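Remarks on the overall topology
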Amino acid sequence: MKQTNGPHEAADGPTGIRKTTCYMCACRCGIDVHLKDGKVHYIEGNRDHPINKGVLCAKGSAGIMQHYSPARLRKPLLRTGERGSGEFREIEWDEALGLATEWLGAVRRSDPRKLAFFTGRDQSQSTTGWWAQQYGTPNYAAHGGFCSVNMAAAGIYTMGGAFWEFGAPDWDRTELFMIFGVAEDHDSNPIKMGLGKLKARGVKVIGVNPVRTGYNAIADEWLGITPGTDGLLILALVHELLRTGKIDVDYLIRYTNAPWLVIDDPDGAGHGLFARDEDGTPLVASRGTGEIASSATPGIKPALKGSYELPDGRRATPVFELLAGKYISPDYAPAAVADRTGIEASTIIRIAAEIADAAFEREITVEQPWTDMKGERHDRMIGRPVAFHAMRGISAHSNGFQTARALHMLQILVGSIDCPGGFRFKPPYPRPVAGQPRPHGGACADTALAGPHLGYPRGPEDLLLEADGETAQRIDKAFSWDAPLSAHGLMHMVISNAHARDPYGIDVLFMYMANMAWNSSMNSTSVMKMLTDKDAAGEYVIPKIIYSDAYSSEMVAFADLILPDTTYLERHDCISLLDRPISEPGAMCDSIRWPVVEPDRDVRGFQSVLLDLGARLKLPGMTDAEGKPVYRDYADYMVNHQRKPGIGPLSGWRGADGSKTGRGEPNPDQLQRYIDNGGFSEAHVPAEALYFKHANRAWSDWAIAQGLQDGPVENIFQLYLEPLRKFQLAAEGRIKPQPPEHHRARIGTCFDPLPVWYPPFADDGLADEAFPLHAITQRPAAMYHSWGSQNAWLRQIHGENALYVPGAVCDRAGLEDGDWALLTSPSGEIRAPIRRMDAVNGSTVWTWNAIGKRSGAWALDTDAPEATRGFLLNHLIDELLPPKGDGRRWANSDPITGQAAWFDLRVSIRKDPDQSGGESLPRAKPQKNPVGAAPSTVSHGRERAQ
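Everything numeric in this text was worked out from a predicted model, so none of it was measured. (Residues numbered from 1 in each chain as written. Predicted model: local features only at pLDDT ≥ 70, side-chain atom pairs only at ≥ 80, totals over all residues. Heavy atoms only, no water.)

In this section: the overall build of the protein. Along its length, the protein carries 26 helices and 36 strands. In terms of overall dimensions, the protein is globule-like: its C-alpha atoms have a radius of gyration of 27 Å, near the 30 Å expected for 946 residues. For the protein, the proportion of its 946 residues judged to be buried stands at 66%. The contacts of the protein with a sequence gap of at least 6 include a subset with a gap of at least 24, amounting to 71%. Carbon and sulfur atoms form 49% of the exposed surface of the protein, whose accessible area is close to 31,300 Å². Across the protein, the mean location of the 100 positive side-chain charges is 2 Å away from that of the 116 negative side-chain charges. (Helix = DSSP H or I, 4+ residues; strand = E, 2+ residues; numbered from the N terminus. Rg over C-alpha atoms; globule rule 2.2 N^0.38 Å. Buried < 20%, exposed > 50% of the residue type's maximum accessible area, 1.4 Å probe, protein only. Contact = heavy atoms within 4.5 Å. Areas by Shrake-Rupley, 256 points an atom, 1.4 Å probe, with all protein chains shown as cover. Lys, Arg positive; Asp, Glu negative; His and termini not counted. Charge placed at Lys NZ, Arg CZ, Asp CG, Glu CD.)

In regular strands, side chains alternate between the two faces of the sheet. In terms of burial, strand β2 (residues 30-36) is largely enclosed, as 7 of its 7 residues are buried. Residue alternation in β2 divides its side chains into two sets, G30, D32, H34 and K36 and I31, V33 and L35, and both sets are buried. As judged from the 6 bridges shared by strand β1 (residues 16-21) and β2, these two strands associate in the antiparallel manner. Bridging from a neighbouring strand, I17 pairs with H34 of β2. Across 6 bridges, the pairing between β2 and strand β3 (residues 39-45) is antiparallel. Looking across to β3, one finds that L35 is bridged to V40. (Pairing = 2+ DSSP bridges.)

A few words now on the sheet that holds strand β5 (residues 88-90). Pairing is mixed in the open sheet, where 7 strands are placed in the order β5-β4-β25-β24-β23-β6-β7. In the strand order of this sheet, the two ends are held by β5 and β7 (140-141), each with one partner. Alignment of strand β4 (residues 77-79) against β5, held across 3 bridges, turns out to be antiparallel. From the neighbouring strand, L78 faces β5, where its bridge partner is R89. The strands touched by helix α5 (residues 125-135) are β6 (115-119), β7 and β23 (508-512); relative to β6, the strand with the most contacts, the crossing angle is about 175°. (Axes fitted to C-alpha atoms, helices over the stretch in contact; angles between N-to-C directions.)

What follows is about the sheet that holds strand β27 (residues 587-593). Here 3 strands make up an open sheet; going across it, the order is β26-β27-β28 and the pairing antiparallel. Only two strands of the sheet have a single neighbouring strand rather than two, namely β26 (573-575) and β28 (680-684). In this sheet, adjacent strand axes meet at a mean angle of 10° when their direction is disregarded. Alignment of β26 against β27, held across 3 bridges, turns out to be antiparallel. Bridge assignment links D573 to a residue of β27, and that residue is R593.

The step from P427 to P428 runs through a cis peptide bond, and the omega angle for that step is 15°. For P428, the location among the structural elements is in the loop between β22 (423-425) and α17 (494-500). In this structure, P922 follows L921 across a cis peptide bond, with omega equal to 5°. Assignment of secondary structure puts P922 in the loop between β34 (906-911) and β35 (937-939). Even without glycine at this site, R28 takes up a positive phi of about 65°. Mapped onto the fold, R28 is located in the loop between β1 and β2. Non-glycine residue W653 carries a positive phi angle of around 50°. The topology assignment puts W653 in the loop between α20 (634-640) and α21 (670-676).

Turning our attention to helix α14 (residues 345-361). In an α-helix, one full turn covers 3.6 residues, which means residues spaced three or four apart are oriented alike. The terminal C-alpha atoms of α14, which comprises 17 residues, lie 23 Å apart, in line with the 24 Å expected from a rise of 1.5 Å per residue. Within α14, burial applies to T347, I348, I351, A352, I355, A356, A358, A359 and F360. (Expected span 1.5 Å × (residues − 1).)

For the rest of this paragraph, the subject is the pattern of salt bridges. Side chains that differ in charge, positive against negative, can pair when their charged atoms come close. Under the defined criterion, the tally for this structure stands at 65 salt bridges. The shortest N-O distance in the salt bridge between E165 and R28 comes to 3.1 Å. Of this pair, E165 sits in the loop between α7 (149-159) and β8 (167-169) while R28 sits in the loop between β1 and β2; the two residues are 137 residues apart in sequence, bridging distant segments of the chain. Note on R28: relative accessible area 5%, which makes it buried. Several salt bridges converge on common partners, so that one network encompasses R72, E570, D600 and R601. (Salt bridge = Lys/Arg side-chain N within 4 Å of Asp/Glu carboxyl O.)

As a further point, take the packing of aromatic side chains. Using the criterion set out here, one finds 35 aromatic pairs in the structure. Plain terms: the ring middles of W902 and F903 are 4.6 Å apart, the flat faces sit at 70° to each other, and that makes the pair edge-to-face. Neither residue differs from the other here; W902 and F903 are each classed as buried. Among the aromatic residues, those joined into a ring-pair cluster are F117, W131, Y135, Y140, F510, Y512 and F606. Just above the ring of Y540 sits the side chain of R83; from NZ or CZ to the centre is 4.1 Å. Its guanidinium or amino end placed over the ring of Y23, R593 lies 4.0 Å from that ring's centre, counting from NZ or CZ. (Phe/Tyr/Trp six-rings, centres within 6.5 Å; stacked < 30°, edge-to-face > 60°. Lys NZ or Arg CZ within 6 Å of the ring centre and 35° of its normal.)

In terms of nonpolar packing, the biggest core is built from 161 residues, with L104, W131, L509, F510, L531 and L561 touching the most fellow members. Residues contacting L561, with those up to four places away along its chain left out, are L77, L78, I91, A96, L99, A100, W103, I545, I546 and Y547. Of all hydrophobic cores here, the second largest spans 105 residues; its members include A236, Y327, L724 and I747. (Core = buried A, V, L, I, M, F, W, Y, C linked by side-chain atoms within 4.5 Å.)

A few words now on helix α22 (residues 697-705). Along α22, the positions that sit buried rather than exposed are A698, W699, S700, W702 and A703. At its buried positions, α22 is contacted by β18 (370-371), β27 and β28. In this structure N696 caps α22, since a side-chain oxygen of it lies 2.9 Å from the backbone nitrogen of A698. After α22 finishes, the residue G707 shows a positive phi value of roughly 85°. (Polar contact = N/O pair within 3.5 Å; in protein donor to acceptor, adjacent residues only side chain to side chain.)

The subject of this paragraph is the packing of helix α10 (residues 230-244) against helix α16 (residues 400-413). The description of two helices packed together rests on the angle between their axes and the distance between the axes. Across the interface, α10 lies against α16 with an axial gap of 9 Å and an inter-helix angle of 25°. The angle between α10 and α16 places the two elements in the roughly parallel class. The hand of the α10/α16 crossing is left-handed. Facing D230, G231, I234, L235, L237, V238 and L241 of α10, the residues of α16 in contact are T403, A406, L407, M409, L410 and L413. (Parallel < 35°, antiparallel > 145°, perpendicular 65-115°, else oblique. Left-handed = near helix turned anticlockwise from the far one by under 90°.)

Moving on to the side chain of D590. Position of D590 relative to the elements: it lies in strand β27. For D590, the side chain forms a polar contact with the side chain of Y674, separated by 2.7 Å.

A few words now on the pairing of strand β21 (residues 386-390). Judged by how many residues are buried, β21 sits mostly within the fold: 5 of 5 residues are covered. Of the two faces of β21, the one lined by V386, F388 and A390 and the one lined by A387 and H389 are each fully buried. Relative to β21, strand β9 (residues 176-180) runs parallel, the two being bridged by 5 bridges. Bridge pairing links L176 to V386 in β21.

Another aspect to go through is the environment of G818. As for its placement among the helices and strands, G818 is situated in the loop between α25 (807-813) and β31 (820-825). When its relative accessible area of 32% is taken as the criterion, G818 is described as partly exposed. Along the chain, G818 and M522 lie 296 residues apart, while their C-alpha atoms are 27 Å from each other. The contacts of G818, once residues within four sequence positions are left out, are I834 and R835.

Tracing the chain through its elements places I91 in the loop between β5 and α4 (93-110). Given a relative accessible area of 2%, I91 falls into the buried group. A C-alpha to C-alpha distance of 38 Å links I91 and D676, two positions 585 residues apart in sequence. The residues contacting I91, other than those within four sequence positions of it, are K75, P76, L77, L78, A96 and L561.

As structure tokens, this is what we get:
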């Protein structure tokens, strides 16, 4: 396929510009879409947009080709052949919606649990989650459990926020920036702009990643860490900071639970919990007298070390004493972790000193008075100018939750959270656990759930278990003993659990933008088999599959009913403060998409379809007293839906006349006001509230006024996480409910209330000589998930992928550039072309993710390079760990959140004895393409076959 286009052509003749929000990755940048004769001719960045300020990446510019992709679905489809074949017939929307209503209605009337509704990379999870809640199924979540729930949950539990959508570095003031495990696809334009600011100011950037690409390639120093050992490195840095006394003690006393007393009663049920007064407030000891007092006592100067007797005669120790004793241990000394991490001890010592120097010797002062939540007035804001950023590289491991907690703890110890020069929260964050819902389960016929599916358990008492105290209520086993703090659900376990009918079978699998038959599953080969398996009666084990997507992806071939979505330039979308807003630290922002062009196919926006189905099913809140639909479509919902009085999906131009922000009644002209403003709303945070949001009275007042919270929320950073200790107590048999016996040892080891490192589970019992290499993927800057492989422009950048192998490994295996190698794991084997690379950890091989495609998908030719030479590592991964000899198959996931541990993969490599074949393996049988063969040329939206 070839395609040519450019801005000069768009300017040739009458041109219109429509401003909306990009959807080529999750950055959600503002774009100017240039139209000519009703066709999209050029896309550039919106210079007035608060996120990208006119900057646009290759993906964003290539949105033209995404919009005009030959892979676009054109009409509802009903399967006619076997699942996986791609054989369908086109049907009308009335038939499609009638079938969906019939299937979904039968399930809701009998057992709503039998619907599993999971979404992938959609950006409307507040809407889809509300729909699932009103339907009454407990089985709803999005892609986060497969992506980075460890990062998000660890941050919320520790400090009320995390990286990326939760916060950002203070690019203008930081004096040292350290980045862990971040590939180029996430938050790309803001990070690139921020890195440009740092480079212009001469600020040092340290990249920690097994692979030196993208951001790590331009870092001033690169640490090629061994995968899965980031937590060890971080705790070694903590060790050094404690050893040298380079921590912010005043910050710890003011804003953290460092002084709180932890009960020391080895034989008691409260051992390891916080000592509390009659009102439940944690206790501290007075530094001078040792007197026990409430931590809320005005003017108290609490002790950080020592052992104290409580009024009931038990002993207790401050959190900081436990913390210091744990990490000053020789086990965390740089010399003790150097070999395992691959980072020299001298380097770790030096970097710890650099962190301390930036934080304490280059302190920043902002002359802005402010008042904290205790009523104390401060003359200025003091900053520790060290900033960190991290994403899935440290998250997608079985030890990822504790590693992310360790990184948050490191920031807190030097006092660099939400201060000038440090990490800064983005509205609506911080939102600590105290301000978060608990998860809701249970299922009754024709009844909505009592509350939202996803939430933050405070202890075992909040798990979603059946009456036996062991069986999971949810099909993915979220919020069970398998994954207690699974704040985002476990999308990667849905199909395998439903196939195994563990804990039960389902009747309908309903998915949106979740390419589970390919790159969004742990093992593509096994998932394709699960989707097509039949029982003894000849019926599919998963009886019905409804799927919605805009494009003919691999997953489309496995569905029974297809509800075709629009492209992002043809629909309304809401990037909401109820979900995943575009805010920056200094402003509350949200945005919309709107149909800048009309569809030329018989397709409908999925959110509008979902509301239509809700009305047909008579779901609560979707029909009025007469049984008529409450919402005409998604645009109507965006304007008129209220989650609670005055709070809706959009924060800007509320009130009857559009004069209110955040809170206010619906405004019928709201969407037009967004369109007139470039597709976004922006409300600046007051100067007094810009920093220390976790403890700032002005921030609390402003957040309440804007509807971000209902009242003051105490946010004390949790260095010691009591909910984890509660799970340990349950595993020790001291409190109820208690886990099954086979879970107890793992909970005891992994659920440490202070951040801890343990080896990835995939290493357990694995002989190094059998599988000596780690294997990981990176997200390329020019692609995002599997979407880009249909894109005529982006395919020219990444039309195929190679396996990048360290030079020393190549030499040992006799491999040269371009050779074909066999890569083997405990779960399978693939054949891939290799490239020699030395800018990679010496025990790690890697490739670009999601380039390889199933033959026939995405309207690509069956012999397209993505299908013949492209490949996935997914074929080597399993959602379950290899057998350990105990008769059980453990999940290949973090035991705390359930996040998929697909970066724990271990492999061996050898040269393929047969170098004559030029194709990657395995090759799935080609699927038929329901949209037909792609044209050879796409130009200005006009397709021409050649």
